[in-house]
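Observations on chain architecture
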Amino acid sequence: MTGNRPVKTALIAGNWKMNLTAEEGIALVQDLAGRLGSPSGNEVLLLPPFPILAAIGAAIGDAAIELGGQNLHWEASGPYTGEVSGPMLRAAGCRYVLVGHSERRSHFGETDRTVNRKVRAALECGLRVILAVGENEEERAAGRTRSTVRSHLLKGLEGVAAGEAARIEIAYEPIWAIGTGTTATVEQAGEVHGWLRDDLRRLFPPPADDPIRILYGGSVTPENVDTLMARPEIDGVLVGGASLQAESFARIARFQRETTIALPGKSC
Ligand code: 13P
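Residues numbered from 1 in each chain as written. Predicted model: local features only at pLDDT ≥ 70, side-chain atom pairs only at ≥ 80, totals over all residues. Heavy atoms only, no water.

**Observations concerning helix α10 (residues 246-253)**
Along an α-helix, residues three or four apart share an orientation, since each turn contains 3.6 residues. Put simply, the test is: When a residue's accessible area, from a 1.4 Å probe over protein chains only, is under 20% of the maximum for its type it is buried; when over 50% it is exposed; and in between it is partly exposed. In this description a helix means any DSSP run of H or I spanning at least four residues, a strand means any run of E spanning at least two, and both kinds are numbered starting from the N terminus. Here, residues are in contact when the closest pair of their heavy atoms is within 4.5 Å.
Of all eight residues making up α10, six are buried, and the element is well covered by its neighbours. Taken as a whole, α10 has its buried residues at Ala246, Ser248, Phe249, Ala250, Ile252 and Ala253. Buried residues along α10 sit against β2 (11-15), α1 (22-36), β3 (43-47), α9 (225-229) and β9 (236-239).

Below, the structure is given as structure tokens:
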């Protein structure tokens, strides 16, 4: 990849995972909205647990914060005890849904096939999808990072039309960096983002691939966000632990960068 490309509006997403009651979440949103203040030019998104989505949506009110789900079922309704569908997320005020997080894959048996069904169901009901991909420690050590993330990407997006690409985001989350305090170096993250962009271009030839933002996730903090976001291949961040406190998430969300960044001549 060479040349310049305009930098996309950064997406700063907070994945609360299985944390916070409604009361705690509302207090966090009120604090966060106050700290975010005037628009920073970045898009801010919260992914709370299902039972508090509506309460968090109400607390967000007119603040410039988007709402999303952490998961969905691929059917719109039916006998699927314990599950939540895309239309239900829409009705609760969600614009986004996260699909294929490594915790869903490793703890709940999600496969590339179920991830793909979820991606297509989410797009079908009008949600924007954040598809999570990422290698584990063994895959990285064995030199299989590129093949792993490519497989997650291509299988996850199977059957998705180029016309739907504008409603897709990719989150690169190396499993070894999630909740460990070990962030990928900017070189490691930038390299994988470059590979993902190349694969996306093949899948959705330009300009269709262009709106797709590639986020980095894995131990993002107020201390490392500026360095990460200085990489031109990184279009946003998906934050776990540091999104559970208004102060740290607001600092992450308010990072700023240049409007145009020269891409390096060789990125991967
Ligand atoms: P941490 O930021 O806690 O490492 O979590 C990352 C993550 O899994 C976001 O989806």
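There's more to say after this.
**Observations concerning the site of the ligand**
Convention followed: Neighbouring residues are identified by heavy atoms, a residue being near a molecule or strand if any of them is within 4 Å of it. Think of a polar contact as two N or O atoms within 3.5 Å of one another; within protein, one of them needs to be a possible hydrogen donor and the other a possible acceptor, and neighboring residues in sequence only count if both atoms come from side chains. Each residue receives one of three labels: charged for Asp, Glu, Lys and Arg, nonpolar for Ala, Val, Leu, Ile, Met, Phe, Trp, Tyr, Cys and Pro, and polar for the others, Gly being one of them.
Looking at the ligand, there are 13 residues lining it, with Lys17, His101, Gly179, Ser219 and Gly241 nearest. At a separation of 3.0 Å, an oxygen atom of the ligand approaches a polar side-chain atom of Glu173. Gly241 places a main-chain nitrogen or oxygen 2.8 Å from an oxygen atom of the ligand. Residues of the shell around the ligand, tallied by class, amount to four nonpolar, seven polar and two charged.

**Some remarks on the pattern of salt bridges**
Threshold: Salt bridge criterion: a side-chain nitrogen from Lys or Arg within 4 Å of a carboxyl oxygen from Asp or Glu.
Tallied over the full model, the rule gives 19 salt bridges. Across the pair Glu169 and Arg128 runs a salt bridge, and its minimum N-O distance is 2.9 Å. Pair noted here: Glu169 is in strand β7 (residues 168-172) and Arg128 is in strand β6 (residues 128-133), with a separation of 41 residues, a long-range link. Considered together, Glu169 and Arg128 belong to a single accessibility category, that of buried residues.

**Re the packing of helix α5 (residues 112-124) against helix α7 (residues 145-156)**
Convention followed: Note on method: axes are straight lines fitted to C-alpha atoms, helices fitted across the in-contact stretch only, with angles between N-to-C directions ranging 0 to 180 degrees. Orientation is classified from the angle alone, with under 35 degrees giving roughly parallel, over 145 giving roughly antiparallel, 65 to 115 giving roughly perpendicular, and any other angle giving oblique.
Where α5 contacts α7, the axes come no closer than 8 Å and their chain directions differ by 45 degrees. By the criterion of interaxial angle, the relationship of α5 to α7 is oblique. Together, Asp112, Val115, Asn116 and Val119 of α5 and Ser151, His152, Lys155 and Gly156 of α7 make up the contact between the two elements. By residue class, the composition of the contact of α5 with α7 is two nonpolar, four polar and two charged.

**Overview of the nonpolar core**
Rule in force here: Among the buried residues, those of types Ala, Val, Leu, Ile, Met, Phe, Trp, Tyr and Cys that are joined through side-chain atoms within 4.5 Å form a nonpolar core.
One finds Leu32, Val119, Leu157, Ile170, Leu196 and Tyr216 to be the most contacted residues of the largest nonpolar core, which totals 65 residues. Excluding anything up to four places from it in sequence, Ile170 contacts Leu131, Val133, Leu153, Leu157, Leu196, Leu200, Ile212, Arg213, Ile214 and Leu215. Within the second largest apolar cluster, 11 residues are counted, among which are Leu11, Ala171, Leu215 and Leu238.

**Considerations on the state of the cysteines**
Here is the rule we go by: We call a pair of cysteine sulfur atoms a disulfide when they lie within 2.5 Å.
Overall, the coordinates contain zero disulfides when judged by the stated rule. With no disulfide of its own, Cys125 lies closest to Cys94 among cysteine sulfurs, the gap being 9.9 Å.

**Some words on the packing of α1 against α10**
We apply this condition: Crossing handedness is read from the near helix: turned anticlockwise from the far helix by less than a right angle, it gives a left-handed crossing, and turned clockwise, a right-handed one.
Axis separation between α1 and α10 bottoms out at 9 Å; the angle between their running directions is 40 degrees. Overall, the two elements α1 and α10 adopt an arrangement that is oblique. Considering only the axes of α1 and α10, their crossing is right-handed. Note on element contacts: α10 touches α1 through Ala246, Glu247, Phe249, Ala250 and Ala253, opposite Leu28, Asp31, Leu32, Arg35 and Leu36. In terms of residue class, the contact of α1 with α10 is made up of seven nonpolar, no polar and three charged.

**Focus: the sheet that holds β2**
Counted only if it meets this: DSSP calls a pair of strands paired once it identifies at least 2 bridges connecting them.
Read once around its circumference, the closed barrel built from eight strands follows the order β2-β3-β4-β5-β6-β7-β8-β9, with strand pairing classed as parallel. This sheet shows a mean twist of 25 degrees between the axes of neighbouring strands, independent of strand direction. Across four bridges, β7 lies against strand β8 (residues 213-217) in parallel orientation. Of the residues in β8, the one forming a bridge with Tyr172 is Tyr216.

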